[in-house]
Amino acid sequence: MQRIYIPILVSLVTVLFSCESKDNKEEVSTLIEAKRAEVAPDKRVALWDLRFENDSLKGETNQPEALKELIEELNSQQINFTDAVLRLPDAELGEKTKALVTISVANIRSEPKHSAELATQALMGTPLNVLKEDDGWFLVQTPDGYLSWVDRAGIHLMTEAELEHWFREPKVVITALTGYVWKSTDKSEMVSDLVAGDIMTIAEESKDQLKVNLPDGRQGWISSSDAQDWESWIASRNTTPEALITTAKQMMGTPYLWGGTSIKGVDCSGFTKTIFYLNGQIIPRDASQQINEGDLVDTDKNWDKLQVGDLLFFGVKETPEKKERVVHVGMWIGNGEFIHSRGLVRISSFDPENPNYDEYELGRYLRTKRIVNVPSEHILSVSELLTNN
């Protein structure tokens, strides 16, 4: 009889344990998803990559409070598990959890390799939060919250104290669309190229040149006429219609670059982001994020409602079967025209009599939002760039 009962008993225990594990996995997975929807609905700006496997909570996140709440909930429900979650920033970074961009424009990619999709860019002097390293690549978060990977060569790792010290140094901002740092005043050897919006600290001033420190310690000379001191630049930033149009038109002809947010190349939302950054506002990175900000102005192609600086969004409208897809954005400049990056930075019109008439964009128009001088949750003042990272 024992030879019969023991196998049956073992089988019953195995079945009961399997059922309990399966129920736990489903329950925990539901809790993980509920918390993700709460704290990380947009994976571009919040990392919540968790899963429950073999009675272990695994994955990684940069949302420590949410993770703490999840663990407390699991404990309250008496679910036994092993906590194997990687908290970011990774402890292996030590105190070097901050960084500054050290080149004119850093390419930041969707994966830790040069062949990966270009996700966004960051300008010299942009402060970054560093989350982890993977073979010489660092997962970073930009001031607008974007999460992506940058090559070690493009950043200078720092402790929080070191970054705070850099914040207090007198700084200069490049105002010319392009420029150079020269090793000496005779301009015979280049240290770095520059683009509008790059930030460096001031080492020495002369009549028509400035000696500057790049974030990684390199030094050189720039033309005084190409730059403005940080405080004066901040005080002069104003998202007026005139300023926005001037900046936008200065970038006419700039080539389209997927992931680009600089004069070297821009995609559609990178173009609008750059326009507003150079005039005092940090707006979200992507068109599908920008459309969630500001006040709704129009959905019916009533162009009389629009003001210079309004953002026009384009894409595929929602249907009973599919969600809306926002795929393009441009800025209204008046007289039935908007400026945008498609192939290159260009001006298009909704007037059939205008030589720049754009029937294609008219056909996929979704709506217009106003963010100029409109308080919005995910829009920062540029003055907060060096204080809120």
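Fair warning: this is a prediction, and the values are worked out from it, not measured in the lab.

*Asks:* Account for the UniProt feature "domain: SH3b" (unreviewed entry) in the protein chain, with residues named and values stated.
*Replies:* Mapped onto this numbering, the UniProt entry gives "domain: SH3b" (unreviewed entry) at residues 96-159. Secondary structure content for residues 96-159 is 0% helix and 58% strand, and the end C-alpha separation is 5 Å.

*Asks:* Before we move on, can you summarise the confidence of the model for the protein chain with the specific residues and values?
*Replies:* Caution is warranted with low-pLDDT regions, since their predicted coordinates should not be read in detail. Predicted confidence across the protein chain gives a mean pLDDT of 93, with 93% of residues reaching 70 or more. Confidence drops under a pLDDT of 50 for residues 1-20, and excluding neighbours within four residues, the segment shows two contacts in the predicted structure.

*Asks:* How would you explain the domain arrangement of the protein chain if you had to name every residue and give the values?
*Replies:* How big an interface is tends to be reported as the loss of accessible area on association of its parts. Entries for the protein chain in the domain assignment read domain 1 (24-88), domain 2 (92-166), domain 3 (169-236) and domain 4 (241-382). Every contact between the two is made by eight residues of domain 1 and, on the other side, eight residues of domain 2. Contact with domain 2 buries surface across domain 1, with Arg44, Val45 and Leu88 losing the most and accounting together for 62% of the total. The interface formed by domain 1 and domain 2 includes one salt bridge. The partner of Glu60 in a salt bridge is Lys132, and the shortest N-O contact between them spans 2.8 Å. Across the domain 1-domain 2 interface, the total number found is three residue pairs in polar contact (both at pLDDT 80 or more). For the side of domain 1 that touches domain 2, a count of residues per class yields four nonpolar, one polar and three charged.

*Asks:* Before we move on, could you go through unusual backbone geometry and cite the residues and values that matter?
*Replies:* Pro89 follows Leu88 through a cis peptide bond whose omega is 10°. Along the polypeptide, Pro89 turns up in the loop between strand E3 (82-87) and strand E4 (98-101). Phi at Asn54 is positive, roughly 50°, even though this residue is not glycine. For Asn54, the position within the fold is in the loop between strand E1 (48-53) and strand E2 (56-61). Look at Asn54 and you get exposed, because its relative accessible area is 71%.

*Asks:* How would you explain the packing of aromatic side chains if you had to name every residue and give the values?
*Replies:* All told, the structure shown has 13 aromatic pairs when counted by the stated rule. With centroids separated by 6.0 Å and ring planes inclined at 70°, the aromatic side chains of Phe314 and Tyr365 adopt a geometry described as edge-to-face. With Phe314 in strand E22 (residues 311-316) and Tyr365 in strand E26 (residues 365-370), this residue pair connects regions lying 51 residues apart in the sequence. Residue Phe314 is classed as buried on the basis of its relative accessible area, which comes to 0%. Its relative accessible area of 1% is what places Tyr365 among the buried residues. Taken together, the ring pairs connect Trp303, Phe314, Trp332, Phe338, Phe350 and Tyr365 into an aromatic cluster. Here Lys171 stacks its cationic end above the ring of Trp166, 4.8 Å away from the centre of that ring.

*Asks:* Describe in detail the UniProt feature "domain: NlpC/P60" (unreviewed entry) in the protein chain, supporting the description with residues and values.
*Replies:* In the numbering used here, UniProt assigns the "domain: NlpC/P60" (unreviewed entry) feature to residues 238-372. Across residues 238-372, the secondary structure splits into 21% helix and 33% strand, with the terminal C-alpha atoms separated by 10 Å.

Definitions and limits used
- Residues numbered from 1 in each chain as written.
- Predicted model: local features only at pLDDT ≥ 70, side-chain atom pairs only at ≥ 80, totals over all residues.
- Heavy atoms only, no water.
- UniProt positions renumbered as here; feature names shortened; annotations may be inferred.
- Helix = DSSP H or I, 4+ residues; strand = E, 2+ residues; numbered from the N terminus.
- pLDDT = per-residue confidence, 0-100.
- Contact = heavy atoms within 4.5 Å.
- Domains from an automatic or database assignment.
- Buried area = accessible area lost by both parts, 1.4 Å probe.
- Salt bridge = Lys/Arg side-chain N within 4 Å of Asp/Glu carboxyl O.
- Polar contact = N/O pair within 3.5 Å; in protein donor to acceptor, adjacent residues only side chain to side chain.
- Nonpolar A, V, L, I, M, F, W, Y, C, P; charged D, E, K, R; others polar.
- Buried < 20%, exposed > 50% of the residue type's maximum accessible area, 1.4 Å probe, protein only.
- Phe/Tyr/Trp six-rings, centres within 6.5 Å; stacked < 30°, edge-to-face > 60°.
- Lys NZ or Arg CZ within 6 Å of the ring centre and 35° of its normal.

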